[in-house]
Amino acid sequence: MHTVYLGLGANLNAPRKQIHAAVAALKALKDVEFVCVSHDYASKPMGPQDQPDYVNAVACVKTALEPEQLLDLTQAIELEHGRVRKEERWGPRT
């Protein structure tokens, strides 16, 4: 089993709710043992400042999955929760 730390963050559409929903989705993953999550914390955006502050957290999980497999699962969670990937770097996100 590998211990993995996942950065969580959002600054759109009720960011704290977004993070809590992401944690619930992580807890429901097969082949992934949810260990814990940090407290939420706020931070100023990197890059363009004309966007809301971010809410961030870090989740710890254990898994035997390969990194690419875990990435696929976590990106699927992002898509299910409305994440739209844009070419703009450092932009706002759900």
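Owing to the predicted nature of the structure, the values given are computational and were not obtained by experimental measurement. Along each chain, residue indices are assigned from 1 in the same order as the chain's sequence is written. For a predicted model such as this one, the threshold for reporting local features is a pLDDT of at least 70, and the threshold for listing and counting side-chain atom pairs is 80 or more; totals across whole chains, interfaces and linings nevertheless cover every residue. In computing side-chain values, all of the structure's heavy atoms are included and hydrogens and water are not.

(A) Representation of the environment of G82 in the model. You can see G82 is positioned in the segment after α2 (67–80). When its relative accessible area of 40% is taken as the criterion, G82 is described as partly exposed. Expressed as a C-alpha distance, the spacing of G82 and N13, which sit 69 residues apart in the sequence, is 9.6 Å. Under the DSSP-based scheme used, a helix requires at least four consecutive residues in state H or I and a strand at least two consecutive residues in state E, with every element numbered from the N terminus. Using a 1.4 Å probe on the protein chains alone, a residue whose accessible area is under 20% of its type maximum counts as buried, one over 50% counts as exposed, and one in between counts as partly exposed.

(B) Geometry of the nonpolar core. To form a nonpolar core, buried Ala, Val, Leu, Ile, Met, Phe, Trp, Tyr and Cys residues must be joined to one another through side-chain atoms within 4.5 Å. Within the largest apolar cluster, 17 residues are counted, with the highest numbers of intra-cluster contacts made by L8, I19, L26, V32, F34 and V61. Of all the secondary structure elements, the ones that give two or more residues to this core are β1 (2–10), α1 (15–27), β2 (32–37), β4 (54–63) and α2. Only heavy atoms enter the contact rule, under which two residues are in contact if any of them lie within 4.5 Å. Once residues lying within four places of it in the same chain are set aside, the contact partners of I19 are L8, G9, D40, V55, N56 and A57.

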